[in-house]
Each structure stands twice: as C-alpha cells, then as structure tokens.
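The lines below spell out each chain.
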Amino acid sequence: MDNLFLLLIIAVTVLISVKGFNDRLFFNKYQFHVGSIRSGEQIRMVSSGFLHADGMHLAFNMFALYSFAPVVSNLLGNFTFLLIYFGSLIFGSLLTLLFHANNYGYSAIGASGAVTGVIYSAILLEPNMMIGIFGVIQMPAYIFGIGYLLYSIYGMKAKRDNIGHTAHFGGAIGGYVITLLKYPVLLQEHTLMVVLLALPILLLFILAKWDKL
C-alpha cells in the first residue's frame, strides 16, 4: 500500500481536531448540527468527520483507521479506499440526519462513521484477520467490528456525549454496500461474514422501528 493517502487523512484529521480542541467557535462552526445543516450548511456533514470530542476519541479512531485501512487499499486500491472512506463518512451523516431530522439541536462529531466503513470493508475482504487490542489481546476482527456497533447502540440509547454513534451505523452500511458493489464475488466467497456483519445493522433498524432508541 502507498500510505500517502492514509497518512494525509490522519494528519489533516489530527490538525483539525486539535484546532477544535482549542477553538470552541471553530468547533461549533463545523460540527454536525441538524438545525444548521437543514438551514443550508451541508459542509458540516463532511467537516464534522474531522473533529473529535477529545484526545482519546481522536486516538482511538486514528488507531482503528491505521490498523484496517491497509487491507482495503492493498486489495481494492487507493481510489476505492478513498471512495469507501468518504462514502462511509457521508452515509454516516445521512443516516444521522434521517434519525434526528426533527431534533434541530442535535449535534455530533467524529470520524467514526468513515472509520467503521473501512473496518467493515476490511473484515469483508479478510474475514479471518486478527487484531491486537492494546497490543496484547488478540481477537478476530469481525468480533471487534460487530462489538463496536453494539456499543454504538448503547451510546445512542444513553445519549451521554455528542460522539456520532448513529454515524457508526451509516458508515458501516456505506463500507458494506460499496465493498460488495465493487467486489460482489464476496457474496459467494465469504457468505457467512456477509450475513454476520449485516446482523447489527438489521438490529439497529428493528430497534428504531420499535422506538427503542
């Protein structure tokens, strides 16, 4: 993999996030905010993906991106990696806007939607890959991916922060759909993983249908 695009995304995200940590006006101007987006500030649907709540939030997202992105770019190429990253970011914002369309005060930030899309793509491509948690605990990547979305459901229900938990699901859908469209043979080669990764997404919409979020 040519790491240039990945490193550039990480560098820009870090710079913008740090700017947001130290400049509240800047943070408020570019975070995801339903009322502002519905009044015409659609740039927030992308710019919010470069802001983070704090250093831990930023570090976790960039570590996850750095861990999974090489799988996607190596197997699908840099252009498709960028398509999945930014496509998932937009999918995440669109789903958030759909879920919170009438809550004009709702706000959120984070690259989590884009990162989750890359995670889902990587797991579809390499379902047997393992990841190290804190450099010690080894676990199958698909367990991490599914667990991440289940945690996101908890975050959506708890409503204790302005991290874009809903965007995680939109990003997962983006990465899932774009990867299968670009590489449909996965439906035959990795059928079980295609089904497993669809389950937390299906659970989200069931809970939403039952008004449990």
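Scroll up for the structure.
Treat the numbers as computed from the prediction; the structure is a model and nothing was measured.

Draft legend 1. Fine view of the side chain of Ser-112. Relative to the assigned elements, Ser-112 resides in helix α7 (residues 112-125). Within the structure, Ser-112 has its side chain in polar contact with the side chain of Asn-61 (distance 3.1 Å). Of note is the side chain of Ser-112, whose polar atom sits 3.1 Å from the side chain of His-168.

Draft legend 2. Region of the structure containing the packing of aromatic side chains. Evaluation of the coordinates by the stated rule reveals eight aromatic pairs. Feature note: the residues Phe-60, Phe-68 and Phe-144 constitute an aromatic cluster, connected by ring pairs. The ring centre of Phe-26 lies 5.7 Å from the NZ or CZ of Lys-19, which sits over that ring.

Draft legend 3. Focus on the pattern of salt bridges. Taken as a whole and judged by the stated rule, the model has two salt bridges. The salt bridge involving Lys-19 is made with Asp-23; its shortest N-O contact spans 3.2 Å. When its relative accessible area of 23% is taken as the criterion, Asp-23 is described as partly exposed. The residue Arg-44 makes a salt bridge to Glu-41 at a minimum N-O spacing of 2.7 Å. What makes Arg-44 buried here is its relative accessible area of 6%. By relative accessible area, Glu-41 is classed as partly exposed at 33%.

The rules behind these values
Residues numbered from 1 in each chain as written. Predicted model: local features only at pLDDT ≥ 70, side-chain atom pairs only at ≥ 80, totals over all residues. Heavy atoms only, no water. Helix = DSSP H or I, 4+ residues; strand = E, 2+ residues; numbered from the N terminus. Polar contact = N/O pair within 3.5 Å; in protein donor to acceptor, adjacent residues only side chain to side chain. Phe/Tyr/Trp six-rings, centres within 6.5 Å; stacked < 30°, edge-to-face > 60°. Lys NZ or Arg CZ within 6 Å of the ring centre and 35° of its normal. Salt bridge = Lys/Arg side-chain N within 4 Å of Asp/Glu carboxyl O. Buried < 20%, exposed > 50% of the residue type's maximum accessible area, 1.4 Å probe, protein only.

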